[in-house]
Amino acid sequence: MTLMRTNPWSLLDEFNREFSRMLPGFADDDSRVVGSTWSPAVDIKEEDDRFVIHADIPGVSPEDIDISMEKGVLTIKGERKHEAEENKEGYHRVERAYGTFMRRFALPENVDTDKISASSKDGVVELVLPKAVQDNQPKKITVNNG
Amino acid sequence: MSSLRQNIDRAWAQVQAGWNNLVSKASNALTRFTHKDEAEQDGETRALLRSTPEWGLLAAEVHESGDDITVRLEVPGMDADAFDVEVADRTLIVSGHKQVQQQRKEGRYHITECAYGEFERRLPLPAEVDSSGAQASYRNGILTLTLPKSERDKVRRIPIAGR
């Protein structure tokens, strides 16, 4: 039986390829969250003139949090490091996740990306994203006779 | 064909082991948030509280050294004085009230993943502690408690007399 000689793992590779093809978002190298070990919980609120995002990022110093904006996508990423050099054998319970985290959001077009501000308090990062000032008056477009 | 099946079985077993590990870690940290004071809140806050999850992950870490036990708990967005910590019968009980932080009432939430309200997390301690000597600090959303072990449970080094 020739089937016996095929590498069973090639089936998995094939499955993997099919899967990535089905989910184009994951195939795009930059957008994949693969490699980050955890991602923070968030609240996103829309107010009249701005969006407010609260992200729970406990145990990470503000200087280890990197917030960037590119092509309409806001990225919050960073790394949680161990707090102290402790004897690894002394742990009775470890539920906390360490390592890199990442979360990305596609922003609505009306966000004024130059005016985004961020602050951090007690492990909660607050991002304020003002909306661009828009002329909300409906515009009347007249059709000229040619 | 049998080797293929074996490989798939092995891969599946690994996925299951990983998943079980994840579930056991997460379900320990899973903590219920209740809204006892909901009736006192204004309409907007009440509506928000109803849309927030009833369960949150309060991940903990318990480390034992010769003299003390250090407990770290992830509870972001608290006021340091909104915690209540007690030790009863070799169990650490941390309770508190996480308030919604918002400058303005108006607006609508698109995503609510963070839990708010009252919570209580119980953690079994690996040794007897002297709670009168306990120290607590709260920084970057992590509550750190240092609990000295009671005299009986302290590790004593017994020197071996040389011949």
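Residues numbered from 1 in each chain as written. Chains lettered and ligands numbered in written order. Predicted model: local features only at pLDDT ≥ 70, side-chain atom pairs only at ≥ 80, totals over all residues. Heavy atoms only, no water.

Participant: Summarise the sheet that holds strand β4 (residues 73–80) of chain A; cite the residues concerned and give the values.
Facilitator: Residue and element names in this part refer to chain A. Pairing in this open sheet of three strands is antiparallel, and the strands run β3-β4-β6 from one edge to the other. Strands at the two margins of the open sheet, each flanked by one partner only, are β3 (65–70) and β6 (99–106). On average, each strand axis in the sheet is inclined to that of its neighbour by 15°, with strand direction left out of account. Two elements, β3 and β4, share six bridges in a ladder whose sense is antiparallel. The residue bridging glutamate 70 from the neighbouring strand is valine 73, located in β4. (Pairing = 2+ DSSP bridges. Helix = DSSP H or I, 4+ residues; strand = E, 2+ residues; numbered from the N terminus. Axes fitted to C-alpha atoms, helices over the stretch in contact; angles between N-to-C directions.)

Participant: Residues and numbers for the pattern of salt bridges, please.
Facilitator: Applying the stated criterion to the full structure yields 22 salt bridges over all chains. The salt bridge partner of A:Glu95 is A:Arg93, with a shortest N-O separation of 2.9 Å. When sorted by exposure, A:Glu95 lands in the same class as A:Arg93, which is buried. For B:Arg121, the salt bridge is made with A:Glu95, and the minimal N-O distance between the two is 2.8 Å. With one member in each of two chains, B:Arg121 in strand β8 (residues 117–124) and A:Glu95 in the loop between β5 (91–94) and β6 form a pair that bridges those chains. (Salt bridge = Lys/Arg side-chain N within 4 Å of Asp/Glu carboxyl O. Buried < 20%, exposed > 50% of the residue type's maximum accessible area, 1.4 Å probe, protein only.)

Participant: Kindly report on the packing of aromatic side chains, identifying the contributing residues and their values.
Facilitator: Residues and elements named next belong to chain A. With the rule as written, the count across this model stands at three aromatic pairs over all chains. Geometry around tryptophan 38 places arginine 80 over its ring, the cationic atom sitting 3.9 Å from the centre. It is lysine 131 that lies over the ring of phenylalanine 51; its NZ or CZ is 5.2 Å from the centre. (Phe/Tyr/Trp six-rings, centres within 6.5 Å; stacked < 30°, edge-to-face > 60°. Lys NZ or Arg CZ within 6 Å of the ring centre and 35° of its normal.)

Participant: Lay out the pairing of strand β5 (residues 83–88) of chain B with the relevant residues and their values.
Facilitator: Residue and element names in this part refer to chain B. Summarising the sheet, β5 and strand β6 (residues 91–98) pair through six bridges and their orientation is antiparallel. Paired with aspartate 84 across the bridge in β6 is serine 95. Where β5 folds back onto β6 in an antiparallel hairpin, the turn is made up of two residues, including aspartate 89, whose phi is positive at roughly 55°.

Participant: Residues and numbers for the confidence of the model for chain B, please.
Facilitator: Residues with a pLDDT of 70 or more make up 98% of chain B, whose mean pLDDT is 87. When the elements of chain B are averaged for pLDDT, helix α1 (residues 2–29) of chain B gives the smallest value, 80, and strand β10 (residues 142–148) of chain B the largest, 95. (pLDDT = per-residue confidence, 0-100.)

Participant: Quick rundown of the sheet that holds strand β1 (residues 42–46) of chain A? Include the residues and the values.
Facilitator: Reading across from one edge, β7(A)-β8(A)-β2(A)-β1(A)-β7(B) is the order of the five strands in this open sheet, with antiparallel pairing throughout. What marks the edges here is a single partner per strand, and that holds for β7 (117–121) of chain A together with β7 (108–112) of chain B. The sheet shows a mean angle of 15° between the axes of neighbouring strands, direction not considered. By the bridge criterion, seven bridges tie strand β2 (residues 50–56) of chain A to strand β8 (residues 124–130) of chain A in an arrangement that is antiparallel. For A:Ala55, the partnering residue across the bridge sits in β8(A) and is A:Val125.

Participant: Tell me about the side chain of B:Arg121, and name the residues and values.
Facilitator: Looking at B:Arg121, the relative accessible area reads 5%, which means it is buried. Polar side-chain contacts of B:Arg121 include one of 2.8 Å to the side chain of A:Glu95. Other than its neighbours up to four places away in sequence, B:Arg121 contacts A:Arg93, A:Glu95, B:Asn28, B:Ala29, B:Thr31, B:Leu58, B:Ala59, B:Ala60, B:Leu73, B:Leu92, B:Ile93 and B:Val94. (Polar contact = N/O pair within 3.5 Å; in protein donor to acceptor, adjacent residues only side chain to side chain. Contact = heavy atoms within 4.5 Å.)

Participant: For unusual backbone geometry, give the residues involved together with the corresponding values.
Facilitator: Here the phi dihedral of A:Lys71 falls at roughly 50°; this positive angle occurs in a residue that is not glycine. Although it is not a glycine, B:Asn140 adopts a positive phi angle of roughly 50°. For B:Asn140, the location among the structural elements is in the loop between β9 (135–139) and β10. For B:Asn140, a relative accessible area of 15% puts it in the buried group.

Participant: Pulling in residues and values, what's your account of helix α2 (residues 43–51) of chain B?
Facilitator: Turning to α2(B), its buried residues are B:Thr45, B:Leu48 and B:Leu49. Buried residues of α2(B), seen end-on, are gathered within an arc of 100° and therefore sit on one face of the element. (Arc of directions from axis to C-beta.)

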